[in-house]
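Inside the fold
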Amino acid sequence: MIPLEVTFAMYDFIKDRGLLDKTEFYYTYPIGRVHSLENVAKWAAPEFDAKGIKYETLFNMKEVDGKNAKVLSEEGGEVAYDLLVAVPPHKGQEVIEKNGLGENGWIPTNRHSLHMEGEHGKNVIVLGDTTNLPISKAGSTAHFEAETAAENVAAVVKMGRPVKSYDGKVFCFIEAGKDRATYAMFNYQNPPQPKAPTGAVHAFKMAYNKLYWATARGLL
Ligand SMILES: Cc1cc2nc3c(=O)[nH]c(=O)nc-3n(C[C@H](O)[C@H](O)[C@H](O)COP(=O)(O)OP(=O)(O)OC[C@H]3O[C@@H](n4cnc5c(N)ncnc54)[C@H](O)[C@@H]3O)c2cc1C
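An account of the accompanying structure is given in this report.

**A short note on the site of the ligand**
Contacts to the ligand come from Met1, Gly128, Asp129, Lys137, Ala138, Gly139, Ser140 and Lys205. The side chain of Asp129 places a nitrogen or oxygen atom 2.7 Å from an oxygen atom of the ligand. Within the backbone of Gly139, an N or O atom sits 2.8 Å from an oxygen atom of the ligand. Bound to the protein, the ligand loses 30% of the 1000 Å² it would expose on its own. Of the residues that constitute the shell around the ligand, the class distribution is 2 nonpolar, 3 polar and 3 charged.

In structure tokens form, the structure reads like this:
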């Protein structure tokens, strides 16, 4: 779940309990829009506006002053809270950084072949959250990268050369509350174009969650 989804889910949770008039939502984000993908931000900001969810961008959390129940930002901002839902800093695995395999715990990865960059990378393929590729760290990213990796391993064994290039494909459902969702599908060349959320997309996500491992193993 991304912070946008948590905010929409909490909004519906409070709404269902008839507490909206007693609740103020305040969403902060470190860059100059409400999500890193520009089109997702363009879709989400009006959704926030329609619900009366306030937001502040360019807010990089510096410190939580628990005693006075407020959050301070690197930019000099300050937000008071009753309930704080905070996301820890995004970083990779310590074991990777400690062993000199990649800065901040992510392994430098060729964006198309998925080989580890550098002299030791020839026979190393990197997938999922551990790459340093500038795309979403998501289950679908690992899934689509795995398709490229598996085909290439088989091709190298059988023919001595890889046959597939990863195009940066990612597909993410985005929940817009408890019963509506949209999705973002994109690759290196084509940005996502999220549509208005619907109940059907939410229902599809619920079904997909149950069916995923059956489809991934080729049972469906
Ligand atoms: C709260 C949350 C919500 C998310 N929601 C979504 C979502 O809705 N949709 C979506 O697409 N993605 C979502 N993601 C992201 C998704 O879970 C990850 O992108 C995906 O699991 C990455 O797969 P992976 O195989 O690269 O890594 P992981 O799934 O993290 O697998 C890594 C494995 O390596 C093991 N491991 C680690 N260190 C060692 C070691 N030293 N030795 C041996 N084993 C080790 C770990 O135990 C783990 O099992 C979410 C993530 C979080 C945290």
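**Thoughts on the environment of Glu151**
With respect to the element layout, Glu151 can be found in helix α4 (residues 139-159). The class for Glu151 is partly exposed, based on a relative accessible area of 43%. When the C-alpha atoms of Glu151 and Pro162 are compared, they prove to be 7.7 Å apart, with 11 residues separating the residues in sequence. Other than its neighbours up to four places away in sequence, Glu151 contacts Val163 and Lys164.

Conventions we followed
Residues numbered from 1 in each chain as written. Predicted model: local features only at pLDDT ≥ 70, side-chain atom pairs only at ≥ 80, totals over all residues. Heavy atoms only, no water. Near = heavy atom within 4 Å. Polar contact = N/O pair within 3.5 Å; in protein donor to acceptor, adjacent residues only side chain to side chain. Areas by Shrake-Rupley, 256 points an atom, 1.4 Å probe, with all protein chains shown as cover. Nonpolar A, V, L, I, M, F, W, Y, C, P; charged D, E, K, R; others polar. Helix = DSSP H or I, 4+ residues; strand = E, 2+ residues; numbered from the N terminus. Buried < 20%, exposed > 50% of the residue type's maximum accessible area, 1.4 Å probe, protein only. Contact = heavy atoms within 4.5 Å.

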